[in-house]
Amino acid sequence: MHGIAVALMILSAAGHTLPEPGSPPLSWPPFPDRLSAYVFLNWTLVPPDRLAEAIDAREEDVTRLASLMGLEPDPRISPEIPRRGYVTIIRRNWHLLPWEQLLKLLNWTEAQLAYALREDDFLYIKLGSLKPRVAPLRWQEPDEATGDRLRRIGEIIRRDFPDLSQSGGGLFQFVEDLSAPEDRTDPPISPPADKPRYGGSYFALYGDPLLEDSRDSYPDGYIQRLADVGVRGTWLQGVLYKLAPFPWNPELSEHWEKRQQDLGALARRLREQGSGLWLYLNEPRAMPLAFFETHSELKGVAEGDYATLCTSAPEVRAWIRESVAAICRAAPDLAGIFTISGSENLTHCWSHFQGQGCARCAAAGPPKVIVELHEAIAAGMSDAGSAARLVAWDWGWPDDWVEPITRNLPKHVALMSVSEWSLPLNRGGVAVSVGEYCLSAVGPGPRALRHWDLARAAGLPRFAKLQLGTTWELGSVPYVPAVRLVAEHAERLRGLDLDGFMTGWTLGGCPSPNLEVFSRLMDHEDIDANQALHAVAAERFGDRAADVAVQAWTRISEAFSSYPYHGSLLYNGPQHVGPAAPLWERPTGYRSTMVGFPYDDVPAWLGPYPVDTFTALMEQVAEGFEDGATMLEKALSNMPAGSAGGRHQAALEAEIRVIRACGIHFRSAARQVRFYQAREALAKVRRPEELAGILQTLRDQASAEGDLARQLYRIQREDSRIGYEATNHYFYVPADLAAKAAQCELMAARWDALLKPLEEKESGTERNGATAAAR
């Protein structure tokens, strides 16, 4: 049975329910109604019979409507979508279907969906923490006007995207590619055993992965490829009440024996491959308020419908210790455990900084609460005789907590800090500092240096948390090839003699030149950044292309250093969706959501940047990536046929696709801002003579966005990694890009029609009429 399905049977007892819908839905362009949007956007992801069943329609009717929009019957659909693409399906139907029809489309229970929304990496927050209230969708024959609009869309799809109906079959091809064993030409890079490097799996399954075959998330071929670029460890999130018996509600722990068994087998398999498994704990997880009706002695602070299991209660700490001991006995080959104890999920009473609401934890204070939590984990590891490392990540800790925490932690517990945090930046005259992951600036920053100094003074090992592949600066590509910036960061870190490195969170785990360059520099103190860059480029692309590749990476790194960095853009901006984001002709009234829907919430995208500064910086970044791709395309044209059996040519082609995709995303972000600038100006226009320029801007930006969507469509069809991230699944699929291109073409044609009389200098009355029509 699918792991998440089993988890839902268990967690339904914990009180997970679907939130009450509220806000009005949006009409999804370019479609004239919800029904056509539903069919088109799901055609390559969900079988036609399921599409029809979910809305109580006949399959032949749904297929006929699809044909009207240029889609072919019997679409190819990847078998991976139900377990690796359900977030993509939920997101695209958020405004189209009510809960009951969304459940039918997914073939899930209510408990399953409720669990995914809460526990699947903050999915409900990513969707805006609100569900639009929509009426059930029913089949209805299109009227004449609707049919005309759909036929026009169909003409565009048949002309420009004739293979669209087959595109779903190519999604997730990268899983097969990265899972396949690879013939090695050189031995893998091996970091010192006492200085581990571990990162997140590029395509790990969420839900309940230890009830799945672990090779689905950690296949041997992928582990080998990580080792080839110097990463000899990967991490897996664990939840204690799933991994060990939960004494106060044993139903929550159903199948814990199998999870422990599979965890032990996975840790053993990775160790036998020369790698290591790290367990991520964010504990203890909050429980529904109903749980505490019979366990009031365990209750800490409440937040919404949940409350913490108070770690100042001795029985809670005893349970943590016993659970960790049981896990470590079952998985003696674990390489390590790392924790987050601030921010993220509601866990201990100070995790969301509200500990004053608990009498026990208010008296103890946050440092003592966090220290006692880690003492319980460390004691459990010791009870089991585990040789695994324990790493306390300072994510979410206010600065004044750090000194007393480091002073009192057990001496073998390592302190991990995000290397680039608090790094001061000036981008386009705007002063900001790094408060999230940042690849466009080179760490370490003052916060990490200060925390590592405190750890060293306390006798604790020191780890660096890095994002070497990509960050939320652009989360929908396998990596951002700003490789020189990575090399400079490595050179600065290797002089600090740190004890270990975490190379990535849920994004950035794709084997990449970024990871390989970092590893070479950390393992070979006798080489500099230029030598490492050239060695990696020569290995990947051949000696003839190596110099050009280094020049391209350098140009990209220089340009990426102009990125308009701010946390508001990282989490709210349109860069992850790029030209797949619809252009909203009228204000949506929606706020952008955390790496979910950017909508048209431009102020949230800009953060502290003036609009012209933002667009200028983003265009500078895009231009640098475009230049880098052009350099490599010239090198590709000069590459001898059959070079290294075609391996170098294929690698260079793949690198160009990634770089082009990055440039398109950045260029699109700037264009979208300019489009909404013009939309705002159109709403305020009072003089007819101003109208032509505004309409021309809208028309030009829309047309250019359509061109970007077409370019990205071709790239994604060739490289299934584009658009994907492990927790968000596909931010977009080819159907979204085709829909955007169609929208832009239809929009531009309408504005051309409005511009024509203005350009012909018609009468003032007609100008006024055009002004009203444009609005």
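As the structure is a prediction and not an experimental result, all values here were calculated from the model.

Trainee: How should I be thinking about the overall build of the chain in this particular structure?
Mentor: Looking only at helices and strands, the chain features 30 helices and 15 strands. For 775 residues, the compact-globule estimate of 2.2 N^0.38 gives 28 Å, and the chain sits close to it at 27 Å. Seen through its principal axes, the chain has C-alpha atoms that stretch 85 × 65 × 50 Å. Burial analysis of the chain (775 residues in total) assigns 63% to the buried set. At a minimum sequence separation of 6, the contacts of the chain that also span at least 24 residues come to 78%. Only carbon and sulfur atoms are counted for the fraction: they give 49% of the accessible area of the chain, which is about 27400 Å².

Trainee: I'm lost on the environment of Gln112 in this one. Help?
Mentor: Along the chain, Gln112 turns up in helix α8 (residues 110–119). C-alpha separation for the pair Gln112 and Tyr306, spaced 194 residues apart in sequence, amounts to 18 Å.

Trainee: Can you help me understand the pattern of salt bridges in this one?
Mentor: Side-chain pairing between opposite charges can occur once the charged atoms of the two side chains come close. Under the criterion given, the structure shown has 54 salt bridges. Of the charged contacts in the structure, one is a salt bridge between Glu718 and Arg657, with a shortest N-O distance of 4.0 Å. Of this pair, Glu718 sits in helix α28 (residues 688–718) while Arg657 sits in helix α27 (residues 647–684), placing them 61 residues apart in sequence. For Glu718, a relative accessible area of 55% translates into the label exposed. Several salt bridges share partner residues, and in doing so they unite Arg152, Glu155, Arg159, Asp160, Arg710 and Glu745 into one network.

Trainee: Looking at this structure, how should I read the state of the cysteines?
Mentor: By definition, a disulfide links the sulfur atoms of two cysteine residues through a covalent bond. Scanning all chains against the criterion turns up 0 disulfides. You can see Cys438 has no disulfide; the closest cysteine sulfur is in Cys662, sitting 15 Å from it.

Trainee: What's the story with the nonpolar core in this structure? I'm lost.
Mentor: Within soluble globular proteins, side chains that are nonpolar generally end up buried alongside one another. In terms of nonpolar packing, the biggest core is built from 266 residues, with Phe40 and Phe338 touching the most fellow members. Here this core takes 15 residues from α27, the largest share from any one element.

Trainee: So what exactly am I meant to see when it comes to the sheet that holds strand β1 (residues 197–200) here?
Mentor: Note: strands within a sheet are paired through backbone hydrogen bonds, in either parallel or antiparallel orientation. Reading around the circumference, β1-β2-β3-β7-β8-β9-β12-β13 is the order of the 8 strands in this closed barrel, with parallel pairing throughout. Going across the sheet, the axis of each strand differs from the next one's by a mean of 30°, ignoring polarity. Looking at chain direction, strand β8 (residues 389–393) and strand β9 (residues 414–418) are connected through 3 bridges and run parallel. Opposite Val391, over in β9, you have Ala414 as the bridge partner. Strands in contact with helix α17 (residues 366–383) are β7 (336–340) and β8; relative to β8, the strand with the most contacts, it is inclined by about 170°.

Trainee: It is not clear to me how a negative patch on the surface should be interpreted in this structure. Could you clarify?
Mentor: Taken together, the side chains of Asp49, Glu53, Glu59 and Asp74 define an acidic patch exposed on the protein surface. Its location among the elements puts Glu59 in helix α4 (residues 59–68). Under the relative-accessibility criterion, Glu59 is labelled partly exposed at 37%.

Trainee: What am I meant to see in the sheet that holds strand β5 (residues 299–303) here?
Mentor: Across the sheet, which stays open at both edges, the 3 strands sit in the order β4-β6-β5 with antiparallel pairing between neighbours. Each having just a single partner strand, β4 (287–288) and β5 make up the two edges of the open sheet. Pairing of β5 with strand β6 (residues 306–309), which is carried by 3 bridges, proceeds in the antiparallel orientation. Looking at the pairing, Lys299 lines up with Leu309 of β6.

Trainee: I keep staring at the side chain of Ser720 and nothing clicks. Help me out?
Mentor: Looking at where Ser720 falls in the secondary structure, it is placed in the loop between α28 and β14 (724–725). At 2.9 Å, the side chain of Ser720 and the backbone nitrogen of Phe174 are in polar contact.

Calculation criteria
- Residues numbered from 1 in each chain as written.
- Predicted model: local features only at pLDDT ≥ 70, side-chain atom pairs only at ≥ 80, totals over all residues.
- Heavy atoms only, no water.
- Helix = DSSP H or I, 4+ residues; strand = E, 2+ residues; numbered from the N terminus.
- Rg over C-alpha atoms; globule rule 2.2 N^0.38 Å.
- Buried < 20%, exposed > 50% of the residue type's maximum accessible area, 1.4 Å probe, protein only.
- Contact = heavy atoms within 4.5 Å.
- Areas by Shrake-Rupley, 256 points an atom, 1.4 Å probe, with all protein chains shown as cover.
- Salt bridge = Lys/Arg side-chain N within 4 Å of Asp/Glu carboxyl O.
- Disulfide = S-S within 2.5 Å.
- Core = buried A, V, L, I, M, F, W, Y, C linked by side-chain atoms within 4.5 Å.
- Pairing = 2+ DSSP bridges.
- Axes fitted to C-alpha atoms, helices over the stretch in contact; angles between N-to-C directions.
- Patch = residues over 30% accessible without salt bridge, like charges linked within 9 Å, V, L, I, M, F, W, Y side chains within 5 Å.
- Lys, Arg positive; Asp, Glu negative; His and termini not counted.
- Charge placed at Lys NZ, Arg CZ, Asp CG, Glu CD.
- Polar contact = N/O pair within 3.5 Å; in protein donor to acceptor, adjacent residues only side chain to side chain.

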